[in-house]
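Summary of structural features
Residues per chain, in single letters:
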Amino acid sequence: MTAERDERPQRPGAVDRPDDALLAVRAAEGDEEAFENLVRRHSPAMLRLASQLLGNKAEAEDAVQEAFVSAWRKLPEFRGEAGFATWLHRIVTNRCLNTLRSRRTATDIDELPDQAAPDHQSSPERAAESQAAVHALGKAMAVLSPEQRACWILREIETMPYETIAETVGISQEAVRARVFRARRSLTEAMSAWR
């Protein structure tokens, strides 16, 4: 009787499953099947992260695909000092930050993905209000610097601890705390009308 593997996506900041490290070693030795297992296991979380950072599904898919290609190439350099999931988060986050920095102009609010508003069938006014709040939040997020946006998303949406964010982004914990604080302050000011 064989044990079934748990293929659910891993929460960021969580300890790697025991076989992540083994799969990474095997993939670094050229085992494509081991790498495919890692891709299958981690791509949903990476795609979610990239979508949140970039606000554009097509760009997010490209960033994740490029990150996995980069990870495949860099696997022989992976020493396991951080968990595989943390290492992969760093690659995806850096890829997304580079994309955000390369954008010449601020994101046009019309380019932000449409967010599904909660179902308010009984009240069209509430539905319109919810859609307007989502629009305002998207506009407020577009004003954040790429670094603030990344740190805020990793902390508030992905619920990563500050230490893991610092490892992922490659900055000190104090710098992470400062960026999250500035992002929170900016978003609070921008959303004050919606309280």
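Located above this text is the structure these notes cover.
Let me begin by describing the structure that accompanies this report. In this text, all values refer to a predicted model and were calculated from it rather than measured experimentally. Residues take numbers from 1 onward in each chain, read along the sequence in its written order. Where totals are concerned, whole chains, interfaces and linings use all residues; where local detail is concerned, this predicted model gives features only for residues with pLDDT of at least 70, and gives and counts side-chain atom pairs only at 80 or more. Side-chain figures throughout are based on the complete set of non-hydrogen atoms in the structure, without hydrogens or water.

Looking only at helices and strands, one finds 8 helices and 0 strands in the protein chain. Strands here are runs of E lasting at least two residues and helices are runs of H or I lasting at least four, both read from the DSSP assignment and numbered beginning at the N terminus. When its helices and strands are written in sequence order, the protein chain yields α-α-α-α-α-α-α-α. Within the protein chain, buried positions represent 37% of all 195 residues. Contacts are assigned to residue pairs with any non-hydrogen atoms lying within 4.5 Å of each other. Pairs at least 24 apart in sequence give 66% of the contacts found in the protein chain among residues at least 6 apart. As displayed, the protein chain offers around 11500 Å² of accessible surface, 49% of which is attributable to carbon and sulfur atoms. Burial here depends on accessible area, computed with a 1.4 Å probe over protein chains only, as a share of the maximum for the residue type. Under 20% is buried, over 50% is exposed, and the range in between is partly exposed. The protein chains shown are the only cover counted for residues, whose accessible areas, like all others here, come from Shrake-Rupley with a 1.4 Å probe.

The next subject is the packing of helix α6 (residues 146–157) against helix α8 (residues 173–190). Helix axes are fitted only over the stretch in contact, all axes being lines through C-alpha atoms; the angle between N-to-C directions runs from 0 to 180 degrees. One can describe the packing of α6 onto α8 by two numbers: an axis separation of 8 Å at closest approach and a directional angle of 95°. With respect to their mutual orientation, α6 and α8 come out roughly perpendicular. Between α6 and α8, the contacting residues are E147, Q148, C151, W152, R155 and E156 on the first element and V176, R179, V180, R182, A183, R184 and L187 on the second. Of the residues contributing to the contact of α6 with α8, the split by class is 6 nonpolar, 1 polar and 6 charged. Reported orientations rely on four angle classes, namely roughly parallel under 35 degrees, roughly antiparallel over 145, roughly perpendicular from 65 to 115, and oblique for the rest. The classification used treats Ala, Val, Leu, Ile, Met, Phe, Trp, Tyr, Cys and Pro as nonpolar, Asp, Glu, Lys and Arg as charged, and all other residues, Gly among them, as polar.

Put simply, the grid is 1 Å and covers the protein atoms alone, a cavity is a trapped set of points that fit a 1.4 Å probe, a pocket is an open set with protein on both sides within 12 Å along at least five of seven lines, and lining residues have an atom within 4 Å of a point. Grid points are joined across faces, edges and corners, and a volume is the space filled by probe spheres set on the points. Taken as a whole, the second largest pocket spans an internal volume of roughly 210 Å³. Surrounding the second largest pocket, S70, K74, E77, F78, W87, R90, I91, N94, R95 and N98 form its lining. Mapped by element, the contributors of at least two residues to the lining of the second largest pocket are α3 (57–74) and α4 (84–102). Per-element tally for the lining of the second largest pocket: the top contributor is α4, with 6 residues. Considered class by class, the residues forming the lining of the second largest pocket number 3 nonpolar, 3 polar and 4 charged.

This paragraph deals with unusual backbone geometry. Despite not being glycine, T159 shows a phi value in the positive range, around 55°. If you trace the backbone, T159 turns up in the loop between α6 and α7 (162–169). Residue classification places T159 among the partly exposed residues on the basis of a relative accessible area of 49%.

So, on to the nonpolar core. In terms of nonpolar packing, the biggest core is built from 45 residues, with L75 and F84 touching the most fellow members. Of all the secondary structure elements, the ones that give two or more residues to this core are α1 (18–28), α2 (32–54), α3, α4, α5 (124–143), α6, α7 and α8. In terms of residue count, the dominant contributor to this core is α2 (9 residues). Apart from residues no more than four positions distant in its own chain, L75 is found in contact with A24, A27, A28, F35, F84 and W87. To qualify as a nonpolar core, a set must consist of buried Ala, Val, Leu, Ile, Met, Phe, Trp, Tyr and Cys residues joined through side-chain atoms within 4.5 Å.

It is worth spelling out the packing of aromatic side chains at this point. Stacked, tilted and edge-to-face are the three classes assigned to paired rings of Phe, Tyr and Trp, where Trp is represented by its six-membered ring and a pair needs centres within 6.5 Å; plane angles under 30 degrees give stacked, over 60 edge-to-face, the rest tilted. Per the stated rule, a full pass over the model turns up 5 aromatic pairs. Where F78 meets F84, the ring centres are 5.9 Å apart and the plane angle is 90°; that geometry is what we call edge-to-face. Each member of the pair, F78 as well as F84, carries the same accessibility label: buried. Seen in terms of ring centroids, F84 and W87 are 5.7 Å apart; in terms of plane orientation they differ by 45°. Their pairing is tilted.

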